[in-house]
Amino acid sequence: MSRNDYITCRELIDFIADYLDGTLAPEFRHEFDRHLTVCPPCVAYLDAYKKTIALGKAALKPSDEPATGQVPEGLLHAIRVARQQANQ
Ligand SMILES: [Zn+2]
C-alpha cells in the first residue's frame with residue numbers, strides 16, 4: 001500500500017467540520033476514517049476540535065438557573081478570608 005492511498009493531513013483538517021456535521025460524502029468519510037487509523041496527530045486534532053465545539057455549545061446554551069445561589073457557601077467564605085488577608 002503506497003503513501004498516496006491516504007488523504008493528507010491538510011485535506012483531513014480542511015474537511016473536519018463536514019466530517020463532524022455528517023455532511024461529508026461517504027467515500028471521503030471512509031478515507032477520513034482510514035487516515036485517522038494511521039495518523040495519531042490527526043486523531044488528537046479531531047479530539048481537540050470536538051472538545052472546542054462542545055465548549056462553544058455549552059457557552060451558548062441558555063441557562064434556566066438563576067445566577068445567584070450557585071456559589072457554595074464554603075467558597076464564599078474562602079473568598080472573604082482571602083480578601084481580609086490581602087487587606088492586612
Ligand atoms: Zn494526519
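Residues numbered from 1 in each chain as written. Predicted model: local features only at pLDDT ≥ 70, side-chain atom pairs only at ≥ 80, totals over all residues.

Participant: Would you mind going over the overall build of the chain with me for this structure?
Facilitator: Scanning the chain from terminus to terminus reveals five helices and zero strands. Each helix and strand of the chain, placed in order from N terminus to C terminus, yields the pattern α-α-α-α-α. The buried share among the 88 residues of the chain stands at 3%. (Helix = DSSP H or I, 4+ residues; strand = E, 2+ residues; numbered from the N terminus. Buried ≥ 20, exposed ≤ 12 C-beta atoms within 10 Å, placed from the backbone.)

Participant: Honestly, helix 4 (residues 40-60) in this entry has me stumped. Any pointers?
Facilitator: Since the α-helix turns once every 3.6 residues, residues separated by three or four places project in the same direction. Taking 1.5 Å per residue as the helical rise, helix 4 with its 21 residues ought to reach 30 Å, and the 30 Å between its terminal C-alpha atoms agrees with that figure. By the criterion of burial, helix 4 is predominantly exposed, with just one of the 21 residues buried. (Expected span 1.5 Å × (residues − 1).)

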